[in-house]
Every structure is written in C-alpha cells, then in structure tokens.
Amino acid sequence: MRLRHLNLVVAAALTTAVIFSGAGVRAQTPEATPAPDPVEFQLNPDVSGEVEFWHFWASPVRNNAIKRVIAICKQKLPNINVTDVVKPFGDIWTANLAAVAAGSGMPDVIVEDRPKLPQRAADGITQNLQPLIDRDGVSGDAFWPFTWEQTLYEGNSYGIPFETDVRVLFYNRTLFTQAGLDPNDPPSTWEELEAAADALDKQNDDGTFARIAFHPLYGNGGYSVWGFTNGAFPLEGGELPNVNTAEYAETLDWVQTWNERYGGWQAVQDFRATFGALPNDAFMSGKVAMIMDVAGYSSQLNFYRPSITLDDGTSTRIDWGVALLPYSEAPSSYSGGFALSIPTGADGTEAGWEFIKCAAGHEAQSSWARDTYSIPTIISAVYDPLLMVDPNWVFFTQAMESSYSGGPFFAAYANWQEQIDQRIEAVWKGEITAEQALQEAQQGIEETANQ
Amino acid sequence: MSVAAERQAKTAKARSGITIAGRNMSGNAVREGILGWLFASPWIIGFIVFTLIPMVFSFYTSFTQYNLLTAPKWVGFENYETIFQDRYFWLSLQNTFWLVFFKVPIVMITAISIALLLNYDLPGERLFRTIIYLPNVLAGAAAIFLWQWILAPNGLFNNFLGIFGIRGPSWFTDADWTKPGLIVMGMWWIGGNIIIYLAALKGIPTTLYEAAAIDGAVGWSKIRYITLPLLSPAIFFQVITSIIGTFQIFATVYIITNTAGGSGTNPALGGPEGSLMFYVLYIYNRAFGRIGQGGLQMGYASALAWILFAIILVITMIQLYLSKRWVHYDS
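Peer 1: Go over the interface of chain A and chain B, please, and point to the residues and values.
Peer 2: Contact with chain A, which involves 37 residues of that partner, is made by 36 residues of chain B. Taken together, the two surfaces of chain A and chain B that pack against each other cover about 2700 Å², and 49% of this comes from carbon and sulfur. Summed over the shared surface of chain A and chain B, the result is one salt bridge. In this structure, Lys429(A) engages Glu273(B) in a salt bridge whose closest nitrogen and oxygen atoms are separated by 2.4 Å. Summed over the shared surface of chain A and chain B, the result is 16 residue pairs in polar contact (both at pLDDT 80 or more). Elements that contribute at least two residues to the side of chain A that touches chain B include exactly α3 (91-102), α4 (117-123), α11 (265-272), α18 (418-428) and α19 (434-449) of chain A. Of the residues contributing to the side of chain A that touches chain B, the split by class is 15 nonpolar, 14 polar and eight charged.

Rendered as structure tokens:
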C-alpha cells in the first residue's frame with residue numbers, strides 16, 4: 001500500500017510547516033503545528049504477574065531505549081514485572097516457534113517482524129488479539145493505517161504495531177564540501193546522484209576504489225526499494241505479484257550501471273567485505289559518501305559521532321545530512337517495522353497484554369522514538385515536542401508521506417521475492433539480462449503460487 | 001553331546017533352576033543381567049525418547065504437510081516426488097558431495113602428516129600439541145566470525161599471500177572460492193583429528209620399527225609398511241566420522257550466508273550463487289519457511305532429512321565393506 005494514498009494528517013500538517021534551506025532537505029522547525037492529543041490506551045493497574053519479553057535490541061542505543069520503555073510501564077503497571085530477554089535477530093522467531101511447538105518456554109510478549117505477521121498468524125504461532133482489542137476498546141485509528149493493516153489476518157489483529165521506519169539517503173556533508181559540491185544540495189534524482197558520484201569517487205593508484213560515492217545495494221534496503229523510486233510496485237493492482245515490468249527491468253539495469261562503475265559485481269562485493277559493524281560500517285568509516293538507511297540510523301550517528309580522515313590528512317567529525325531517496329519516476333521509500341505479539345500458549349496473557357498496551361501508547365513510543373529515532377506507529381507520538389525541535393525529525397516524518405509498505409501479504413507464495421533473488425546474481429554478473437531474469441521470475445512466481 | 005559336557009550341563013541346571021531363552025542361568029547371572037540393563041537404561045531411555053521416537057515421527061511426517069502446530073496432513077509420496085524436481089535439492093547435494101570429496105582427504109592427509117611430525121620426540125613437541133589443539137576449545141561461532149575477517153578480500157590471509165606476490169581470491173564473496181574457503185577454515189579445527197592419530201601412533205610398538213630397520217627399511221618404507229597399516233583403524237574411524245560430519249555441515253555456512261552477503265543477496269539462498277547451500281542448511285531453510293512457498297515446511301524438510309539419512313547409510317555401509325580390505329586390527 002502506498003502511504004501517500006492515505007489521508008495522513010501528520011504529513012499534510014508538516015509539509016505546510018516545513019521550510020527548506022536546500023532541495024527539500026534541511027528543514028526548519030515548524031511553528032505552531034497542530035499536534036493531536038496524546039493517545040494512551042486504558043490500562044488496568046490491578047493486573048499483576050511476570051512478563052517475559054523477547055526482543056533483539058542489543059545495540060547500546062536500542063537496549064537503553066527499550067529499558068526506558070519498560071521503566072515507563074513499570075510506573076503505570078506497578079504489579080507487573082517485565083523481564084526483557086535479548087535474542088539474536090532472526091533466531092528469535094525460530095526459538096519462539098520451537099517453544100510454541102513444545103508448549104512451554106515461550107515468552108509472554110515478543111517483537112514480531114510486522115510484514116511477516118500474517119504468516120505467523122496463519123501458522124498459528126501468535127495469538128489472535130482481537131478479543132482483547134475489542135474488550136478494551138483499543139482503536140486501530142490511533143496508528144498509521146498501514147501499520148495496523150499489516151497486523152491483520154482474516155480481519156483479526158495478531159499484534160499491536162510498535163515502531164516503523166522510513167528509508168532515506170544519508171549523505172556525508174563533509175565529503176560533499178571536500179569534493180566541491182554544495183552540502184545543502186544533495187541529489188534528488190538518479191541523474192543528480194550520478195553527477196555527484198563523479199565528484200565523490202576516489203580511486204587508488206592501482207585502479208581500486210579508496211572511497212565510493214554510492215551504491216544502491218549497500219545500506220539498509222535493496223534493489224526492490226529502488227524499484228519503488230522508479231514506479232515498480234509488484235504487488236499493486238493484480239492478484240499475483242507482477243515483476244515482469246519495464247520499470248522493474250529499468251531499475252535492475254540502473255543498479256547494474258553502479259556495478260559497472262565500480263569494477264563489476266565481484267569488486268562491489270569485495271568492497272563491501274571491507275566494512276565492519278557499527279561504527280566501522282560503510283558510511284561511518286567514510287568509505288561510502290551516500291547510503292540508504294532508515295531514519296533510526298541517525299540515532300547511531302548521534303551516538304558514535306564518527307570521524308574520518310580527509311584527503312589532506314586531517315581528521316574531522318562527519319557532518320551528515322538526510323534527503324529523500326533519489327528517484328527516477330517519483331519520490332518513494334519503504335517502511336517496515338515491528339509489532340508486539342503474544343505467542344500461542346503463553347500463560348501470562350493478561351499481564352503481557354497490559355504491557356503491550358502501555359508500550360504501544362503515546363508516552364512509551366515517544367520515549368522510544370527520542371532514543372532511537374524510529375518513527376512511532378502511534379500518530380500522536382510523531383508530534384512529540386522534544387523531537388519536533390530537530391529539523392531532521394521533521395524531515396523524516398515528511399518522508400513518510402511518500403513511503404510505501406511493500407504491499408499486501410501474498411499468502412499463496414510469501415517468499416515470491418526469492419524468484420528474483422535466485423537470478424539476480426546472474427544479472428549482476430552479466431550472464432543474463434534483467435528482462436530475462438524478470439520473465440523467468442514471473443513464470444516461477446506463477447507456477448509456485450498455483451501449486 | 002559328550003559325557004563330560006552332559007555332566008556339566010546337569011550341574012549347572014541343578015545350581016540355578018532358572019531357564020532363560022533356553023539357557024540356564026544362575027541367580028548371580030540373572031542379577032548381573034538386570035544390573036546391566038539398569039546401567040544401560042539411561043542411554044536406552046534417552047535413545048528411545050530423543051532419537052528413536054523422533055526418527056519414527058519424522059519418517060511419518062515426511063509423507064505429510066506439517067507446520068509443527070497443526071496436525072500433519074497426509075500427502076503420500078508428494079514431498080519425495082517434488083524433491084527430485086527441486087533445483088535447490090540438487091544444488092545442495094552437489095555442494096555437499098564436493099565438500100566431502102575434497103575436504104575429507106585433505107584434512108586427513110594434513111592431520112596424519114602433522115601427527116607424524118609431532119610423533120618425533122623433538123623439543124617443544126608438547127607445546128605444539130597444545131597449540132594445535134587449542135582452537136578446538138574455543139567457541140565455534142566466534143571462530144567463524146574471526147575467519148570471515150581472516151579470509152576477507154583484504155584480510156590477514158590474503159595479505160600473507162601478498163608477501164609472496166600472490167593476489168588472494170575473494171574467499172566468501174566469490175562463488176568459485178567459497179568452498180575452498182571452508183576447507184582452509186576447517187584446518188583451524190584439525191587438532192582433534194591430530195590427537196587421535198597421535199594416540200594411535202604412540203600405540204605402535206617401537207620394536208617393529210627396529211626390526212624393519214635391521215631389515216634395511218628406511219623413511220617412507222617404514223611409514224608405508226608399518227605406520228599406515230597399524231594406523232588404519234584410526235584412519236577408518238576418522239574417515240567415517242569426517243564424512244558424516246561433512247555431510248552435516250551447518251553452523252559455519254548458516255553464519256556465513258547470514259552475514260556475508262549484505263542487502264545484495266538473499267541470506268536464505270546459500271551465499272554467492274548458492275555455492276554455500278549445503279544439504280542440512282537447505283533442510284533448515286525449508287523447515288522454517290525461509291525458502292519455498294512460505295510457512296513452515298516440516299514435512300518437506302523431514303523427507304529431505306530421510307534422503308540424507310539413506311545417502312549416509314549407503315556410504316557408511318560401503319565403507320564398512322571396503323574396510324575389510326585395508327583396515328588391520330592386529331598389531
């Protein structure tokens with residue numbers, strides 16, 4: 001679903017209030033934005049019990065943030081003790097599944113990958129929360145509509161949305177200045193991106209790259225997100241995902257031009273292998289001047305405050321900026337995020353449910369957003385006054401307007417994207433054309449979905 | 001029956017009075033029998049509960065569609081029929097056989113060579129033995145991350161090769177080099193194999209070498225005609241366990257495929273061009289719905305597991321049969 005099609009009060013209000021110093025980038029603080037009243041859900045402080053809460057937020061920034069959310073809820077629900085358990089991302093859901101299948105050892109509350117929630121509901125891994133939602137009058141209207149809809153399976157909600165995101169372009173203003181580019185004028189189209197890259201790329205004597213300007217496959221996202229910026233929306237307007245389109249093929253061809261620019265796919269992968277974890281990643285190390293990442297990445301940048309060495313040998317802190325993803329067709333982005341769910345068979349349902357209502361409410365989500373710069377799923381928290389003084393925050397909320405949730409869940413073949421993934425390396429290596437890959441992928445999607 | 005034997009049998013019967021399976025047993029023997037079973041029972045119960053019953057259940061589920069949480073739905077041979085047309089089944093089988101074919105002999109030859117060197121009573125032998133075994137006591141996952149760094153395109157290993165003017169390959173990002181990368185990495189854990197060979201070498205009587213020396217045997221002849229034949233039970237044990245272990249490779253490739261590719265590749269598809277899609281990784285990815293139609297595919301994964309069981313069983317049976325020709329248990 002394209003978020004821009006939704007009637008978003010937030011986005012409209014912000015768009016009118018924001019004043020830009022560059023091409024839609026460095027926004028000024030809006031004045032007198034009409035903030036909606038904070039939405040909190042009715043809690044029952046008499047409920048008592050132990051709640052085991054599984055999440056995967058282990059980084060210093062996010063771990064502190066979730067601890068603060070738990071502390072807020074402890075104040076509101078004094079008889080409930082929440083114990084948070086950090087599990088590795090990915091393994092958390094396998095561990096939960098094993099526990100649900102065994103009938104014991106599952107948490108009372110778990111963070112679910114929201115776009116995959118309907119599949120978990122279909123598999124019977126998470127509990128239907130609709131009876132509790134109806135009983136306590138929790139309104140889905142308080143949330144960004146796409147976040148609420150992603151929790152639905154056969155009309156019932158299986159999780160309460162907690163945090164969403166939006167992918168934007170982070171660019172290194174320090175490197176822009178060094179390369180003689182205007183740091184207040186980041187590229188807004190694919191053409192401008194290429195022009196900026198010509199100035200930012202830096203090659204070693206042996207022809208390898210010491211620094212590259214940008215690569216669409218580095219960062220947080222992938223070719224499908226860039227497809228959105230070229231009007232390729234496979235799940236729009238049909239029963240089956242439609243990947244065999246000119247827009248999609250153009251996108252892949254465009255990604256391929258970046259592979260070629262940097263010496264081919266193998267060289268691109270080799271360059272990627274030189275990045276490390278935070279704070280030595282592609283952007284913070286200064287090896288890549290522009291990168292796609294979620295709004296929350298700015299909290300990591302604020303936390304680590306990375307330094308780079310300039311061409312003249314001096315060391316300086318990175319001055320960075322944010323911009324909409326450069327586009328070919330129209331501005332677009334992708335918003336994912338998570339939900340809080342109760343696994344099937346969990347015995348602390350009532351206490352777990354109270355904690356979820358608290359954590360998803362205005363105060364807790366505002367706190368989470370202040371720490372992590374993730375976009376709250378509850379709309380009122382977007383207007384948090386402490387966040388609204390930051391121009392970057394205003395920009396992120398505005399970027400949500402053109403973001404896209406990936407489309408409806410395609411139950412007949414949840415992994416349909418793998419049909420392209422299986423062929424994509426052959427495209428990058430020049431063994432088959434993008435058209436050929438997409439044609440075969442389409443055939444594969446249709447065959448598997450109709451099995 | 002001779003007269004003496006008849007007398008003996010009568011005496012035995014008179015002593016016990018209990019007949020089990022046509023055999024007379026004394027009270028002591030019965031008690032010993034019961035005690036024996038009691039001592040073995042923890043293992044037997046464990047085997048039945050944690051191995052036999054799950055195996056029987058997985059055999060049943062291999063004929064079903066099963067998502068762990070709802071009752072399995074019988075589909076007959078459908079899973080098996082689909083498997084043989086499944087591109088990733090053949091790819092994972094091909095990758096796995098490649099690794100077994102190359103890694104097992106390379107590791108074996110290297111381990112025996114190092115064990116032979118360590119068997120000379122040279123100064124510092126104990127220290128080397130400890131150093132070589134040390135990696136086996138380190139946590140596996142940490143070592144795998146470490147090796148990803150060592151084998152990075154600009155990592156320690158390639159820098160080392162660079163000293164000799166060799167431009168090292170892109171180990172875990174180039175489909176042609178991922179599996180050789182695993183073999184290089186596997187050498188890190190070779191200490192366990194070396195210890196077993198070394199123990200077997202220490203068990204070979206020195207008198208045999210002395211006798212051979214008197215007969216004029218030197219160097220390679222001693223190894224060929226004394227060491228290797230007498231080492232053959234250890235080699236046989238290592239061959240069997242290494243082949244089974246290599247068929248079951250999982251943790252290493254699970255970590256590499258999940259961390260090495262970045263957003264350019266799908267972690268469920270086995271790394272660069274599927275070159276790290278090994279059989280057990282494929283079973284896991286299918287079981288947990290990371291690949292294929294979606295949702296949990298435990299039935300399909302069970303069918304895959306039984307095919308692997310059959311393959312390993314056949315190869316082990318062949319090994320056992322062939323072992324009669326080259327394994328010497330008498331010294």
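Peer 1: So what's going on with the packing of helix α2 (residues 60-76) of chain A against helix α14 (residues 362-372) of chain A? Which residues, and what values?
Peer 2: Residues and elements named next belong to chain A. Direction vectors running N to C along α2 and α14 enclose 160°, while the axes themselves pass 9 Å from each other. Comparing their axes, α14 and α2 come out roughly antiparallel. Here α2 and α14 pass one another in a crossing that is right-handed. Residue-level inspection shows Val61, Arg62, Ala65, Ile66, Arg68, Val69, Ile72 and Lys76 of α2 in contact with α14, the latter providing Glu363, Ala364, Ser367, Trp368, Asp371 and Thr372. Of the residues that constitute the contact of α2 with α14, the class distribution is seven nonpolar, two polar and five charged.

Peer 1: Could you give an account of the side chain of His55(A), with specific residues and numbers?
Peer 2: All names here are of chain A. Within the secondary structure layout, His55 lies in strand β1 (residues 49-55). Judged by relative accessible area, His55 falls into the buried class, the value being 0%. Of note is the side chain of His55, whose polar atom sits 3.0 Å from the backbone nitrogen of Trp57. Aside from chain neighbours lying at most four places away, what touches His55 is Asn63, Ile66, Asp84, Val85, Val86, Lys87, Ile92 and Val111.

Peer 1: Go over the nonpolar core, please, and point to the residues and values.
Peer 2: In this structure, Phe53(A), Trp57(A), Ile160(A), Trp353(A), Phe355(A) and Leu182(B) are the most contacted members of the largest nonpolar core, which totals 119 residues. Here this core takes twelve residues from helix α4 (residues 87-119) of chain B, the largest share from any one element. Leave out the neighbours within four places in its chain, and Ile160(A) touches Leu129(A), Ile133(A), Phe143(A), Trp148(A), Ala339(A), Leu340(A), Trp353(A), Ile356(A) and Ala360(A). Of all hydrophobic cores here, the second largest spans 86 residues; its members include Val166(A), Leu217(A), Met290(A) and Ile308(A).

Peer 1: Just give me the short version of the confidence of the model for chain B, but keep the residues and values in it.
Peer 2: When the pLDDT values of chain B are averaged, the result is 89; 90% of them are 70 or greater. Here the predicted complex scores 0.86 on pTM and 0.84 on ipTM.

Calculation rules
- Residues numbered from 1 in each chain as written.
- Chains lettered and ligands numbered in written order.
- Predicted model: local features only at pLDDT ≥ 70, side-chain atom pairs only at ≥ 80, totals over all residues.
- Heavy atoms only, no water.
- Contact = heavy atoms within 4.5 Å.
- Buried area = accessible area lost by both parts, 1.4 Å probe.
- Salt bridge = Lys/Arg side-chain N within 4 Å of Asp/Glu carboxyl O.
- Polar contact = N/O pair within 3.5 Å; in protein donor to acceptor, adjacent residues only side chain to side chain.
- Helix = DSSP H or I, 4+ residues; strand = E, 2+ residues; numbered from the N terminus.
- Nonpolar A, V, L, I, M, F, W, Y, C, P; charged D, E, K, R; others polar.
- Axes fitted to C-alpha atoms, helices over the stretch in contact; angles between N-to-C directions.
- Parallel < 35°, antiparallel > 145°, perpendicular 65-115°, else oblique.
- Left-handed = near helix turned anticlockwise from the far one by under 90°.
- Buried < 20%, exposed > 50% of the residue type's maximum accessible area, 1.4 Å probe, protein only.
- Core = buried A, V, L, I, M, F, W, Y, C linked by side-chain atoms within 4.5 Å.
- pLDDT = per-residue confidence, 0-100.

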